Amino acid sequence: HVRSRRQRQMCIRDRFLEMAGTAELTAKDYTNMARSLFNAGGTGGMIEAVTVVDAGIKKFPDSESLKAVLAKLQAEASKAEGGALSEALKGLGYA
């Protein structure tokens, strides 16, 4: 079950980012998708949320809502130092 949920989260993320390349999405769209992935639970959803937040921040660097989601992700990562979430944030320069 965990693997299929992770695959579903990755597919949702990929479709969203694909759409972002062709549609005019707002910072709110990125925030809502990142929150949905974050709230889906598990490290996998949070890692997918990191990818969406990163894409959103690159497009909307002044977005307070995206920065707030990033802060939540960083707080979760600090609970499990050295885990996959921490590594994902570190890899993108957020840790």
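Being a predicted model, the structure only gives us computed values, none of them experimental. (Residues numbered from 1 in each chain as written. Predicted model: local features only at pLDDT ≥ 70, side-chain atom pairs only at ≥ 80, totals over all residues. Heavy atoms only, no water.)

**Student:** Could you clarify how one ought to interpret the overall build of the protein in this entry?
**Tutor:** Helix and strand counts for the protein stand at 5 helices and 0 strands. The order of α-helices and β-strands along the protein, N terminus first, is α-α-α-α-α. Relative to the 2.2 N^0.38 estimate, which gives 12 Å for 95 residues, the radius of gyration of the protein is 12 Å and therefore close to what a compact globule would have. Put simply, of all contacts in the protein between residues at least 6 apart along the chain, 58% involve residues at least 24 apart. For the protein, the accessible surface area stands at approximately 5600 Å², while carbon and sulfur atoms represent 55% of it. The protein carries 14 positive and 11 negative side-chain charges, and their two centres are separated by 6 Å. (Helix = DSSP H or I, 4+ residues; strand = E, 2+ residues; numbered from the N terminus. Rg over C-alpha atoms; globule rule 2.2 N^0.38 Å. Contact = heavy atoms within 4.5 Å. Areas by Shrake-Rupley, 256 points an atom, 1.4 Å probe, with all protein chains shown as cover. Lys, Arg positive; Asp, Glu negative; His and termini not counted. Charge placed at Lys NZ, Arg CZ, Asp CG, Glu CD.)

**Student:** Whenever I open this one, the environment of Met 33 confuses me. Can you help?
**Tutor:** Inspection of the secondary structure puts Met 33 in helix α2 (residues 27-39). Given the relative accessible area of 18%, Met 33 is considered buried. Sequence separation of Met 33 and Leu 17 is 16 residues, and the distance between their C-alpha atoms is 10.0 Å. What Met 33 contacts, discounting residues up to four positions off in sequence, is Ile 12, Phe 16 and Val 52. (Buried < 20%, exposed > 50% of the residue type's maximum accessible area, 1.4 Å probe, protein only.)

**Student:** Would you mind showing me how to read helix α5 (residues 84-91) here?
**Tutor:** Note that an α-helix has 3.6 residues per turn; residues three or four places apart therefore point the same way. Where α5 is concerned, the buried positions are Leu 85, Ser 86, Ala 88 and Leu 89. On an axial view of α5, the arc spanned by its buried residues comes to 160 degrees, and they lie on one face. Exposed side of α5, more than 90 degrees from the buried face: Lys 90 and Gly 91 are the residues found there. Where α5 is buried, its residues meet α3 (42-59) and α4 (64-79). Downstream of α5 by a residue or two, Gly 93 has a phi angle that is positive, lying close to 85 degrees. (Arc of directions from axis to C-beta.)

Distances and angles like these do not, on their own, reveal function.
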